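Secondary and tertiary structure notes
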Amino acid sequence: MNVIQRRILAVVVPMIFAAIPAMAQAPRVVNAKMETRSAAAGLASAFQSLVASQSSPAWVGYAVPAVPGDRQMCCNNSSGNNSDGDNGCGICRLEDSNGNFTTNNRTSGVDTVKLEGPRNIFVLFRVFEKRVEKIRAFSDDCELDAGGLPLIWFTGAPPAESVALLAPFAQATGEESSRGGGVSQQALAAIAMTGDPSADKALESFVAPSQPERLREKAAFWLGASRGKAGYETLKRMAHDDPSDRVREKVTFALSVSREPEAVEEMIRMAKSDSSSRVRGQALFWLGQKAGKKAVAAITGAIENDPETEVKKRAVFALSQLPKDEGVPKLIEVAQSSRNREVRKQAMFWLGQSNDPRALAFFESVLEH
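Okay, so let's go over this structure. (Residues numbered from 1 in each chain as written. Predicted model: local features only at pLDDT ≥ 70, side-chain atom pairs only at ≥ 80, totals over all residues. Heavy atoms only, no water.)

1. Here's the deal with the overall build of the protein
This is how the line gets drawn: To qualify as a helix, a DSSP run of H or I must reach at least 4 residues; to qualify as a strand, a run of E must reach at least 2; elements of each kind are numbered from the N terminus. When a residue's accessible area, from a 1.4 Å probe over protein chains only, is under 20% of the maximum for its type it is buried; when over 50% it is exposed; and in between it is partly exposed. Throughout, a residue-residue contact means that at least one pair of heavy atoms, one from each residue, lies within 4.5 Å.
When helices and strands are tallied, the protein shows 15 helices and ten strands. The burial tally for the protein puts 48% of its 369 residues in the buried class. Across the protein, every contact between residues at least 6 apart in sequence was considered, and the portion connecting residues at least 24 apart equals 70%.

The structure is reproduced here in structure tokens:
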């Protein structure tokens, strides 16, 4: 390689690598009249100005960093085809009336091993008659079909400004909330999947006791599903301090989907000592889905010590949800030794549903006596 070639490479290669992040932010789009604009001067002002002038239907979107983790945001109307063969979520038809997205924590497929999840998410708004009708969010491995409508794409959207833009939609109530397949839920999900500390702060503000219960419930789920340690810490505060039994019930589920190891400990605490029997029972139910020695000990402890028979019965059901090698012996033990007649009946019922040979042997021994 001569001196001139080296000098050319020294100039061109940095330009190529500098362009990669911008290229990665652009979606793969079909059936769209695409236009690119910059959000560098401020996302909110650029977005609001566009909406105020947009009478005909159009899609408006941008990319922000995704929360770390191998999570995927896809659409229910995906064709399942992907031209790159990379196990992405296929083509998402934005104009399909059933175009709500789904999320999942992915595991590596048989054909392709993914070492990391999506780097960005695409946030899209359907604008018509100078207002936002729908909000959608997708992983950057989705291909978008705009149904022949314009797609105005903002480049350089700061993630904190995206969160600020979405927050009022997430807090919408009534007709505004339910419009477009749940504008508030879609905005909340887009915030939760944004890889920026501003998303943690927004979600924390959504679960303040002054917020509507429905918003607190929905935000609690996303705190557990996508926000890691920060989300767990907020859920722990909710578990202790939220005044609503109904909301704390939802917190038990949010803790069950958290990947933080401390979440199980907090579920056990709720199962033992929450002031509401409904919350204790719900915590036991989700502990039954987690299994493990600590969960089993908490469930059997509730059968022995909880003052409410209904909670004891929920704990028996939780035992029935454990892997059979753990659950069936415990159910037999409860059926043999519990001093509560209703609890024994419940244990017998779930043993009958198990179709396990050990349960059959237990019934035979009871009948022989």
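Further notes follow.
2. Section: the side chain of T252
Quick reminder of the rule: Within 3.5 Å is the distance limit for a polar contact, defined as a pair of N or O atoms, with the added protein rule that one can donate a hydrogen and the other accept it, and that residues adjacent in sequence qualify only through two side-chain atoms.
Looking at the element boundaries, T252 is found in helix α8 (residues 245-257). Only 2.5 Å separates the side chain of T252 from the backbone oxygen of E249, close enough to count as a polar contact. Sequence-distant contacts of T252, that is, excluding residues within four places in its chain, are made with M267, M270, V279, Q282, A283 and W286.

3. Describing the sheet that holds strand β1 (residues 28-30)
Here is the rule: Pairing between two strands requires that DSSP report at least two bridges joining them. Note on geometry: axes are lines fitted to C-alpha atoms, helical ones only across the stretch in contact, with angles between N-to-C directions running from 0 to 180 degrees.
Spatial strand order, β1-β9-β5: three strands in an open sheet with parallel pairing. On the outer flanks of this sheet lie β1 and β5 (91-93), each paired with one strand and no other. Along the sheet, successive strands turn relative to each other by an average axial angle of 25°, direction set aside. By the bridge criterion, three bridges tie β1 to strand β9 (residues 143-145) in an arrangement that is parallel.

4. A look at the pattern of salt bridges
Which entries qualify depends on this criterion: Every case where a carboxyl oxygen of Asp or Glu lies within 4 Å of a side-chain nitrogen of Lys or Arg is listed as a salt bridge.
Tallying each qualifying case throughout the model produces 19 salt bridges. Put simply, R126 and E133 hold a salt bridge, and the shortest N to O gap is 2.6 Å. Taken individually, R126 and E133 each receive the classification buried, so the pair is uniform in this respect. When the shortest N-O distance is used, the salt bridge between D306 and R280 registers 2.7 Å. Placement of the pair is D306 in the loop between α11 (293-305) and α12 (309-321) and R280 in helix α10 (residues 277-290), with a sequence separation of 26 residues.

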